[in-house]
6 protein chains.
Amino acid sequence: MTRSDMILSVLVLIAENDAPILEILQGAFEDGGFAVLVASNGEDAMAELEAKRETVRALVTDIDLGSKATGFDVARHARELNPELPVVYVTGADGHDWPSLGVPNSVLITKPFAPSQVITAVSQLLNAGNTPGA
Amino acid sequence: MTRSDMILSVLVLIAENDAPILEILQGAFEDGGFAVLVASNGEDAMAELEAKRETVRALVTDIDLGSKATGFDVARHARELNPELPVVYVTGADGHDWPSLGVPNSVLITKPFAPSQVITAVSQLLNAGNTPGA
Amino acid sequence: MTRSDMILSVLVLIAENDAPILEILQGAFEDGGFAVLVASNGEDAMAELEAKRETVRALVTDIDLGSKATGFDVARHARELNPELPVVYVTGADGHDWPSLGVPNSVLITKPFAPSQVITAVSQLLNAGNTPGA
Amino acid sequence: MTRSDMILSVLVLIAENDAPILEILQGAFEDGGFAVLVASNGEDAMAELEAKRETVRALVTDIDLGSKATGFDVARHARELNPELPVVYVTGADGHDWPSLGVPNSVLITKPFAPSQVITAVSQLLNAGNTPGA
Amino acid sequence: MTRSDMILSVLVLIAENDAPILEILQGAFEDGGFAVLVASNGEDAMAELEAKRETVRALVTDIDLGSKATGFDVARHARELNPELPVVYVTGADGHDWPSLGVPNSVLITKPFAPSQVITAVSQLLNAGNTPGA
Amino acid sequence: MTRSDMILSVLVLIAENDAPILEILQGAFEDGGFAVLVASNGEDAMAELEAKRETVRALVTDIDLGSKATGFDVARHARELNPELPVVYVTGADGHDWPSLGVPNSVLITKPFAPSQVITAVSQLLNAGNTPGA
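Now for a description of the structure that goes with this document. Just so it is clear, the model here is predicted, and its values are computed rather than measured. (Residues numbered from 1 in each chain as written. Chains lettered and ligands numbered in written order. Predicted model: local features only at pLDDT ≥ 70, side-chain atom pairs only at ≥ 80, totals over all residues. Heavy atoms only, no water.)

1. As for the relation of the copies chain B and chain E
Structural alignment of chain B on chain E gives an RMSD of 0.0 Å, achieved by rotating through 120° and translating 0.0 Å along the axis. Such a combination of turn and shift is consistent with a three-fold rotation axis. Considering only C-alpha atoms, the part of chain B nearest the rotation axis is threonine 120 of chain B, at 3.8 Å. Comparing interface residues between copies, only 10% of those in chain B also lie at the interface in chain E; the contact surfaces differ. (Least-squares fit on C-alpha atoms with pLDDT ≥ 70 in both. Contact = heavy atoms within 4.5 Å.)

Here's what the structure looks like:
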């Protein structure tokens, strides 16, 4: 592995059951220099988080994943595995459950949204987490 | 009711099962110009939140309330009743569950803490919530 | 309309009377996944805001628009129509009037600036506005 | 003048036409270690700002001052005199005009409020302004 | 030790060679519910930090301490001992060296200041440090 | 020089002794609309800062530059020349010296990182610095 590969190895897990949106998000993160792991339902997302708990650096998740496990469940489990993991929720609905069911220090982005919003949110959360004493 | 009473009617619910700590917090908030409502376990706290849902403006809750309902349960229910309610958790333990079980835009304060920290946290959250477009 | 169109429908109004700068900003926002509406003077900008008040999600405006209506006028009117609208001012001058004539929760960016600065500012303001209880 | 006088010479102008509220605010700021200057209408507030432009370090103003000049007018004039002056608006109404008529980097506090909220807001704005490069 | 003593055991080290200012600061922190340790020059401050490294929770230091060791030296040493220690500098001069000699995530407060500003700064930094994942 | 050149003249100095990483960062900043100046060791970086003190608008520096002068030295010197210069440190190590040796209002980003994180950090710091009264 070259050193320039190392710089590009920030792994973001995107959990999204809507294929066109997943594709747009994946493309935007890859253009922004991130590595991307995808899951199309909540159960797969939680399995990926457990399998890759050492390497996943951020979670972007739809709230309604079309599965029994919601994005709220995925994020809560992600934070049990890594209490400092940046979490960004995206949703096509109004996100009215986020104030009671979301995790602390998370960002909610409602559709329609531009890919830049999600990249910016993840970048900010990662940078804040890199700051001892902040 | 005089107008100077009105200015002093910001009602904070403090849920704390440790009587000396409750007393210190209550005194500090009253000195800071807040009105205070107290509850000594989780169930009472939730009952107060429902009874006073129109008037409670902020929640300060211990995480371990010595009751079946924890501070996490109280805060989640509080946000269902009022999605914008400021929430501050205090805890004598290390707060390791807060990243997965806390609500968004909440503050965690671990003991030992000075009363000023809790007043400052509640004041900041109230001021942020008073800011349309923020 | 496909769902992937929906994700790309965050409409930003850019008010700028300097054609080359307008072109650069428009290109940068489109690359960032935003839809763009342009106006080359203050009056046109205000007319667009009224016509599209339901769909415009953010305003980027030069302060000096070469018209009777300045960027300050445009932003004030925009906030009357939508109190939560993100506002970013760009200016080739020093922005010394911004502290007295700008609107709350706005960002001032002075030239020279890189397009990334404007995208980042709009993305941050949009994300903050998507956060109930923040 | 002793050095301990110097530390207590942070002068806050409070513009408030409601005498009981003015009294409460004045007392709270003095307890917090501030020096206080008061004005009971908009015109007096603006005259004080001009007379004391070198020494006033923060402005707390009601929006409706019962005078021709509103708190919005007072704050705008204050920022013309000192672009970095911390500004906090208090209001008994809902503050719906603040997003279009307020100044940047100001805080809106709606009644009922506790005095601690206003002290905290002024302290935070002063501390941010003391931070070169922030 | 009672539990109400525990809540009051947040220890702040104040390094200040100006006795009247030290007295005002000490009184304000004690009123805010903090325990206070004082040092009147840089060398004493560093000795206290080493002796009490497990218990000091925040540092407030003048920049010019009238000793060979400045407040910048004290703060740097404090952060070597505890990378997350909240640091607030106060200064009677203009603080022009702070941007190059201060530590990250510190606050600069220039005289004249009100004691509330210092309490608020310390409280905010402590609360931020209590926030895993923030 | 055309006006569209002007908009692209935000000059960022990148100090990095690792050629592949330097290349990735340079490409990302140029894609984001910045102009880039590079230095491959600490001494060259400081010479560039002095020669271009009027035009360099931000510094991105590795901490270990393989030279006598570290990134901490470069940043400290940069802030002596321009107290408001945005500073972002990147490091392949854990950054444990940053809390004591970094400058105020700087951001620490640890490898692996995505280029978007660095662009976002620089953009945020530039925008904050463009905000009088902030």
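2. Things to note about the sheet that holds strand 3 (residues 56–62) of chain E
All names here are of chain E. Read from one edge of the open sheet, 5 strands run 2-1-3-4-5, paired in parallel fashion. The open sheet has two edge strands, strand 2 (35–39) and strand 5 (106–110), and neither has a second partner. Strand after strand, the sheet turns through a mean of 20° between neighbouring axes, direction not considered. Two elements, strand 1 (residues 11–15) and strand 2, share 5 bridges in a ladder whose sense is parallel. Across the sheet, leucine 11 pairs through a bridge with alanine 35, a residue of strand 2. (Pairing = 2+ DSSP bridges. Helix = DSSP H or I, 4+ residues; strand = E, 2+ residues; numbered from the N terminus. Axes fitted to C-alpha atoms, helices over the stretch in contact; angles between N-to-C directions.)

3. Here we look at the relation of the copies chain D and chain E
Least-squares fitting of chain D to chain E yields an RMSD of 0.0 Å, with the transformation described by 0.0 Å of translation along the axis and a rotation of 120°. Mapped onto chain E, only 10% of the interface residues of chain D are again interface residues, and the two copies thus contact each other with different surfaces.

4. Digging into the pairing of strand 5 of chain E
Residue and element names in this part refer to chain E. A large share of strand 5 lies buried, amounting to 5 of its 5 residues. A two-sided burial pattern is seen for strand 5, the buried positions comprising Ser106, Leu108 and Thr110 on one face and Val107 and Ile109 on the other. As paired strands, strand 4 (residues 87–91) and strand 5 are joined by 5 bridges and run parallel to one another. Paired with valine 87 across the bridge in strand 5 is serine 106. (Buried < 20%, exposed > 50% of the residue type's maximum accessible area, 1.4 Å probe, protein only.)

5. Examining the interface of chain D and chain E
Of the residues lining the interface, 20 residues belong to chain D; the matching set on chain E comes to 20 residues. Taking both sides of the interface into account, the surface hidden between chain D and chain E amounts to around 1700 Å²; carbon and sulfur atoms contribute 59%. Summed over the shared surface of chain D and chain E, the result is 0 salt bridges. Applying the counting rule to chain D against chain E returns 3 residue pairs in polar contact (both at pLDDT 80 or more). Taken together, the elements giving at least two residues each to the side of chain D that touches chain E come down to helix 1 (3–7) and helix 6 (115–129) of chain D. If one sorts the elements of the side of chain D that touches chain E by residue count, helix 6 of chain D sits on top with 6 residues. Split into classes, the residues belonging to the side of chain D that touches chain E amount to 8 nonpolar, 10 polar and 2 charged. (Buried area = accessible area lost by both parts, 1.4 Å probe. Salt bridge = Lys/Arg side-chain N within 4 Å of Asp/Glu carboxyl O. Polar contact = N/O pair within 3.5 Å; in protein donor to acceptor, adjacent residues only side chain to side chain. Nonpolar A, V, L, I, M, F, W, Y, C, P; charged D, E, K, R; others polar.)

6. Re the sheet that holds strand 1 (residues 11–15) of chain C
Across a sheet, strands are paired by hydrogen bonds formed along the backbone, either parallel or antiparallel in direction. Residues and elements named next belong to chain C. Within the open sheet, the 5 strands sit side by side as 2-1-3-4-5. Their pairing is parallel. Here the strands that pair on one side only, and so sit at the sheet edges, are strand 2 (35–39) and strand 5 (106–110). When the angles between neighbouring strand axes are averaged without regard to direction, this sheet yields 20°.

7. Some points on the side chain of glutamate 16 of chain E
Residue and element names in this part refer to chain E. Along the chain, glutamate 16 falls in the loop between strand 1 and helix 2 (19–31). This buried residue, glutamate 16, is left without a salt bridge; lysine 111 holds the nearest opposite charge, at 4.0 Å. A polar atom in the side chain of glutamate 16 sits 3.1 Å from the backbone nitrogen of aspartate 18. Aside from chain neighbours lying at most four places away, what touches glutamate 16 is Ile21, Leu22, Ala39, Ser40, Asp62, Leu65, Val90 and Lys111. (Lys, Arg positive; Asp, Glu negative; His and termini not counted.)

8. Observations regarding the pattern of salt bridges
On inspection of all chains with the given rule, the structure shows 18 salt bridges over all chains. For the salt bridge of lysine 111 of chain A with aspartate 62 of chain A, the shortest nitrogen-to-oxygen distance reads 3.5 Å. On the criterion of sequence distance, the pair formed by lysine 111 of chain A in the loop between strand 5 (106–110) and helix 6 (115–129) and aspartate 62 of chain A in strand 3 (residues 56–62) is long-range, its members being 49 residues apart. With respect to burial, lysine 111 of chain A and aspartate 62 of chain A carry one shared label: buried. We note a salt bridge from glutamate 48 of chain F to lysine 52 of chain F, for which the minimum N-O separation is 3.5 Å.

9. Structural notes on unusual backbone geometry
Residue proline 112 of chain D is reached from lysine 111 of chain D by a cis peptide bond, and omega for that bond is 0°. Topologically, proline 112 of chain D is positioned in the loop between strand 5 (106–110) and helix 6. Phi is positive for asparagine 105 of chain A, which is not a glycine, with a value near 55°. Among the secondary structure elements, asparagine 105 of chain A is positioned in the loop between helix 5 (98–101) and strand 5.

10. Here's the deal with the interface of chain B and chain E
Taken together, the 21 residues of chain B in the interface contact 20 residues of chain E. Taken together, the links from chain B to chain E amount to 0 salt bridges. Between the two partners, chain B and chain E, sit 3 residue pairs in polar contact (both at pLDDT 80 or more). Broken down by secondary-structure element, the contributors of at least two residues to the side of chain B that touches chain E are helix 2 (19–31), helix 5 (98–101), strand 5 (106–110) and helix 6 (115–129) of chain B. With 6 residues, helix 6 of chain B is the single largest residue contributor to the side of chain B that touches chain E.

So far we have only geometry, and geometry alone does not tell us how the molecule works.
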